[in-house]
Structure formats: structure tokens, C-alpha cells
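Architecture at a glance
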Amino acid sequence: LLMNYKIIPIGPHSFCNSSIETIIIPENVKRIGKYCFSCCKKLNKVLFTDNSKLNIIEKNAFAFTSIEFIVIPASVKIIDDNAFSSCKQLKIVELMLNSQLQRIGKSCFYDCSKLKEIQIPNNSELEIIDEYAFYRSPLDYFYIPPKVSIIKSFTFERCKTIEISKNSDYIKIE
């Protein structure tokens, strides 16, 4: 499915429970609404066009989908609560170079049972990782970029074996 280029937000519940398999999000979309693609069991590929202006991926936007790999556009500032929770096929999440992402929401990647890798560039704007963000996701490695100042409780709870590397002098664990 290729979206109409005139659409700025994709509204809440727009494609919830639909049978789409692939979606290409055009550059003019600034917001993906809550539950927008939630429970799209066949959705396994999400692509963003070059020069994406996407700012926010709202609550549960891609929860319970079959996405395997996602590249988050550099323009995204917030990935809200449960945005990718229970994506059982998700293996790799990549933030683009010069990522403006400031916050990973509560339970964002909760129970992504195949998630092994989160690629975060050193120049990321990431500041806050909310509670339960990676709960029960079997990450092998997680890099904490320099601007991260808050990691909330239970962020890496039940991540079996994880190596954490940080590039920051001060991180508050809440």
C-alpha cells in the first residue's frame, strides 16, 4: 500500500486489524496515530520514503504486527508507549544517522521475542528511555548514546543476557 502524498497525519485506528502486508509511508506524513496499524498480523514490511518528516509514532501504532526490521527516520522525535510491543518477528531496529529521537516510550518494544539488535548512532538526540521499554526482548547488546540522561525502571528487565555500553558521564536510573 502506497499512501497518498497529501496526508499529513495517519489517524488513530486507520488500518487496525487490516490484512495489509507492506506499507510505504510518504515523506509528508508527520504523525502515525495510535493503534494505526495495530493487530495487522500480516504487516511485515514498513518503509519510509526519503526525506521523511515523521515526528511521532503514537501509542500502539505497530503493536502486534509481524514487522521483521524497521529503520526509524531521523526526523522522529518520539516513539510513544507500546508502539512496537509484542511484535514477535521484529529482529532489528535501526535509528538513522542524525536521529532526532528524544524519547523511547513505556513498553515500546515490550515482548518483542526475537529482538536482538537496536542500532543507535552516537550522534542521537535520545535522552529518555521509559520503563519496561525492552522488557522481555532478548537484546544481545544495547548502546546508550551520550545524551541519554534518564533510564526508567525495568527498562531491560527479563532481557536474558545483554551487554550494555554507555557513552555518557551521568545517567539517572529511576
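For the structure given in this document, a descriptive report is provided here. (Residues numbered from 1 in each chain as written. Predicted model: local features only at pLDDT ≥ 70, side-chain atom pairs only at ≥ 80, totals over all residues. Heavy atoms only, no water.)

1. Remarks on the environment of Ile-78
The test is simple: Secondary structure follows DSSP: runs of H or I at least 4 residues long count as helices, runs of E at least 2 residues long count as strands, and numbering of each begins at the N terminus. Any pair of residues with heavy atoms lying within 4.5 Å of one another is described as a contacting pair.
If you trace the backbone, Ile-78 turns up in strand β7 (residues 78–79). Placed 26 residues apart in sequence, Ile-78 and Ile-104 show a C-alpha to C-alpha distance of 6.4 Å. Beyond its immediate chain neighbours, meaning those up to four positions away, Ile-78 contacts Asn-55, Ile-56, Ile-57, Leu-101 and Arg-103.

2. Brief notes about the environment of Ser-137
The condition that has to hold: Exposure classes here rest on a 1.4 Å probe applied to the protein chains alone. A residue is buried below 20% of its type maximum, exposed above 50%, and partly exposed in between. Within 3.5 Å is the distance limit for a polar contact, defined as a pair of N or O atoms, with the added protein rule that one can donate a hydrogen and the other accept it, and that residues adjacent in sequence qualify only through two side-chain atoms.
Tracing the backbone shows Ser-137 in the loop between β11 (128–129) and β12 (141–144). Overall, Ser-137 belongs to the buried group, its relative accessible area being 0%. The spatial distance from the C-alpha of Ser-137 to the C-alpha of Ser-113 is 5.2 Å, given a sequence separation of 24 residues. Setting aside anything within four residues of it in sequence, one finds Ser-137 in contact with Phe-109, Tyr-110, Asp-111, Cys-112, Leu-115, Arg-158 and Cys-159. One polar contact links the side chain of Ser-137 to the main-chain carbonyl oxygen of Phe-109, over a distance of 2.5 Å. A polar contact of 3.1 Å, which involves the side chain of Ser-137, links it to the backbone nitrogen of Cys-112.

3. A short note on the pattern of salt bridges
Heads up, the rule is: Any Lys or Arg side-chain nitrogen located within 4 Å of an Asp or Glu carboxyl oxygen qualifies as a salt bridge.
The full count for this structure, using the stated rule, is ten salt bridges. We note a salt bridge from Glu-27 to Lys-53, for which the minimum N-O separation is 3.3 Å. One end of the pair, Glu-27, is in the loop between β2 (22–25) and β3 (31–32); the other, Lys-53, is in the loop between β4 (45–48) and β5 (56–57), and 26 residues separate them in sequence. Taking relative accessible area as the criterion, Glu-27 reaches 26% and is therefore assigned partly exposed. Here Lys-53 falls in the partly exposed class, since its relative accessible area comes to 36%.

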